[in-house]
Amino acid sequence: MDRIRIVGGNKLTGSIPISGAKNAALPLMIASLLTEETLTLDNVPHLADVEQLIRILGNHGVDYSVNGRREEQNTAYARTIHFTAHDIVDTMAPYELVSKMRASFWVIGPLLARMGEAKVSLPGGCAIGTRPVDLFIDGLQALGAAIDVENGYVLAKAKRLRGNRYVFPKVSVGATHVMMMAASLAEGETVLENAAREPEVVNLAECLNAMGAKVYGAGSSTITIEGVDRLHGARVTVIPDRIETGTYAMAIAMTGGDVMLEGARADLLQSALDVIAQTGAEITPTNSGIRVMRNGAGITPVDVTTEPFPGFPTDLQAQFMGLMTMAKGRSRITETIFENRFMHVQELARLGAHINLAGQTAIVEGVTKLKGAPVMATDLRASVSLVIAGLAAEGETIVNRVYHLDRGFERLEQKLSGCGATIERISG
Ligand code: EPZ
């Protein structure tokens, strides 16, 4: 199993290209199931989760080619991938595939809308919380689907979905994606209230509209969708990854230095950038990206609470805790989205961090020094918080179980070593 070796203490200077967003690419790829024509996606990141979804879509009959060639090992930045779901050969998504990646449950929306049926495995538990699918079931039922849950599978049927008004009882990114896709091919108008406002939802709405859908209001909490009879092919660009952007911004705030995050968009993560600026880093959005600088002065502690967009994202909570471990004082970090997203706390403690948990709040007492140690990655964002801490720690940090990082960070070690960090992958 691969490991990452870091020797901390170097400032970061230079530039880091920001990849396409994993969490935008995944729903756009799933939208290809809605049409028999080709959906072309530009700026698709090369990540384990993207490759896994390619396999899952292939199971349903989606053909793909990368930059015009069928080539799984292509590692170029900003890949263009063409997806064609000419014939849906299977409307079943098996447990073996869905349990590996929760987002693959989302195929239920387009499969049901286009084929009139879908049988999709329940995703099962995951490291960051129980993550139920009740909102998907509720929402699709509101569009007229008959749904049974049997033997670990959700069976959904509807000759044709019918538009309706649906109020999400809780904000959910995935359920908003699925309802937008399903309602696009429903008969009549759907109004979604309390919808997720994340930039990835807006990117999916742009994609659906480019395919001939009529989706209005994405980015606000009310989304209106006028159903159409069919969707067609389109070409759409995946937005830059706001979580990768925030992660590197926090790494620079941690080590000090001056880095240009090429292609990053400040409007996608304003609340996180405001918080990073309060810690003492200088954030300058430019035409080509976001410049992040911090001089030798200490890190100011800041309290944060995770919230749905436009609030501070849960996907940056672990990284921010990494940064706060060396702040000049106490900070409180409250997680409100997932109930079990503090597994990095024990691992950060191995590097010398002082963190106490009180329910859903972590109280971080900043220390003046972290010391390198072997640590274990537990999930995607938790593992990169260990990298951030390792970059500032004295001596050697070894991050084990790097496959978590590979799910969502493209060429992490190259991007950081290109800015002066001592970081390498040890294979095997
Ligand atoms: C998306 O997950 C992201 N994943 C997550 O990123 C992100 O943490 C999350 O949104 C919140 O921003 C992708 O986009 C692929 P939710 P999603 O439905 O859609 C509860 C990462 O690291 N809920 O918005 O699955 C749920 O348990 C990942 O890249 C229900 O109760 O998240 C959670 O408490 C991790 N019932 C809350 O809603 C449901 O039916 C928000 O989850 C659905 C969700």
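Details of the structure are given in the entry above.
Residues numbered from 1 in each chain as written. Predicted model: local features only at pLDDT ≥ 70, side-chain atom pairs only at ≥ 80, totals over all residues. Heavy atoms only, no water.

Caption draft 1: Region of the structure containing the pattern of salt bridges. Using the criterion set out here, one finds 20 salt bridges in the structure. One salt bridge connects Glu-396 with Arg-5, and the closest N-O pair in it is separated by 2.6 Å. Remark: Arg-5 occurs in strand E1 (residues 3–7) and Glu-396 occurs in strand E23 (residues 396–400); sequence separation between them is 391 residues. Arg-242 is paired through a salt bridge with Glu-200; the nearest N and O atoms lie 2.8 Å apart. With a gap of 42 residues between them, Arg-242 in helix H8 (residues 242–255) and Glu-200 in helix H7 (residues 199–210) connect regions that are remote in the sequence. Overall, the relative accessible area of 4% leaves Glu-200 in the buried class. (Salt bridge = Lys/Arg side-chain N within 4 Å of Asp/Glu carboxyl O. Helix = DSSP H or I, 4+ residues; strand = E, 2+ residues; numbered from the N terminus. Buried < 20%, exposed > 50% of the residue type's maximum accessible area, 1.4 Å probe, protein only.)

Caption draft 2: Quick look at the sheet that holds strand E18 (residues 304–305). Spatial ordering of the open sheet is given by E18-E19-E21-E20, a layout of four strands whose pairing is mixed. Only two strands of the sheet have a single neighbouring strand rather than two, namely E18 and strand E20 (354–358). Summarising the sheet, E20 and strand E21 (residues 361–365) pair through five bridges and their orientation is antiparallel. The partner of His-354 across the bridge, within E21, is Glu-365. Helix H10 (residues 317–324) rests against E18, strand E19 (330–334), E20 and E21 of the sheet, and its axis sits at about 170° to E19. (Pairing = 2+ DSSP bridges. Contact = heavy atoms within 4.5 Å. Axes fitted to C-alpha atoms, helices over the stretch in contact; angles between N-to-C directions.)

Caption draft 3: Molecular detail of the site of the ligand. In the vicinity of the ligand, 25 residues are found, and the nearest of them are Asp-134, Ser-172, Asp-315, Ile-337 and Arg-381. In the environment of the ligand, an oxygen atom lies 3.0 Å from a nitrogen or oxygen atom belonging to the side chain of Lys-22. Backbone polar atom of Pro-132 to an oxygen atom of the ligand: 3.1 Å apart, as the coordinates give it. Within the complex, 91% of the 830 Å² of free accessible area of the ligand lies under protein. Taken together, the elements giving at least two residues each to the shell around the ligand come down to helix H1 (22–31), helix H5 (134–142), helix H6 (173–184) and helix H12 (380–392). Among the residues making up the shell around the ligand, the classes are represented as 13 nonpolar, four polar and eight charged. (Near = heavy atom within 4 Å. Polar contact = N/O pair within 3.5 Å; in protein donor to acceptor, adjacent residues only side chain to side chain. Areas by Shrake-Rupley, 256 points an atom, 1.4 Å probe, with all protein chains shown as cover. Nonpolar A, V, L, I, M, F, W, Y, C, P; charged D, E, K, R; others polar.)

Caption draft 4: A look at the side chain of Asp-241. Inspection of the secondary structure puts Asp-241 in the loop between strand E14 (234–237) and H8. For Asp-241, which is buried and forms no salt bridge, the nearest opposite charge comes from Arg-381, at a distance of 5.3 Å. A distance of 2.9 Å separates a polar atom in the side chain of Asp-241 from the backbone nitrogen of Ile-243. Apart from the residues lying within four places of it in its own chain, the contact partners of Asp-241 are Ile-18, Ser-19, Gly-20, Ala-21 and Lys-22. (Lys, Arg positive; Asp, Glu negative; His and termini not counted.)

Caption draft 5: Here's a closer look at empty space enclosed by the protein. A complete count under the given rule lists one cavity of 30 Å³ or more for this structure. The volume enclosed by the largest cavity comes to roughly 40 Å³. Along the walls of the largest cavity sit Ala-21, Lys-22, Asn-23, Glu-200, Asp-241, Arg-242, Ile-243, Asp-315 and Arg-381, which together make up its complete lining. Elements that contribute at least two residues to the lining of the largest cavity include exactly H1 and H8. Split by residue class, the lining of the largest cavity holds two nonpolar, one polar and six charged. (1 Å grid on protein atoms, 1.4 Å probe; cavity = no way out; pocket = protein on both sides within 12 Å on 5 of 7 lines; lining within 4 Å. Points joined across faces, edges and corners; volume = space filled by probe spheres on them.)

Caption draft 6: Representation of the pairing of strand E17 (residues 289–294) in the model. Of all six residues that make up E17, five are buried, and the element is covered over most of its length. Direction of pairing for strand E15 (residues 257–262) relative to E17: antiparallel, over a ladder of six bridges. Following the sheet pairing, Met-260 is matched in E17 by Arg-291. Taken together, the four bridges between strand E16 (residues 282–285) and E17 define a ladder with antiparallel strand orientation. Across the sheet, Pro-285 pairs through a bridge with Ile-290, a residue of E17. As consecutive antiparallel partners, E16 and E17 are separated by three residues.

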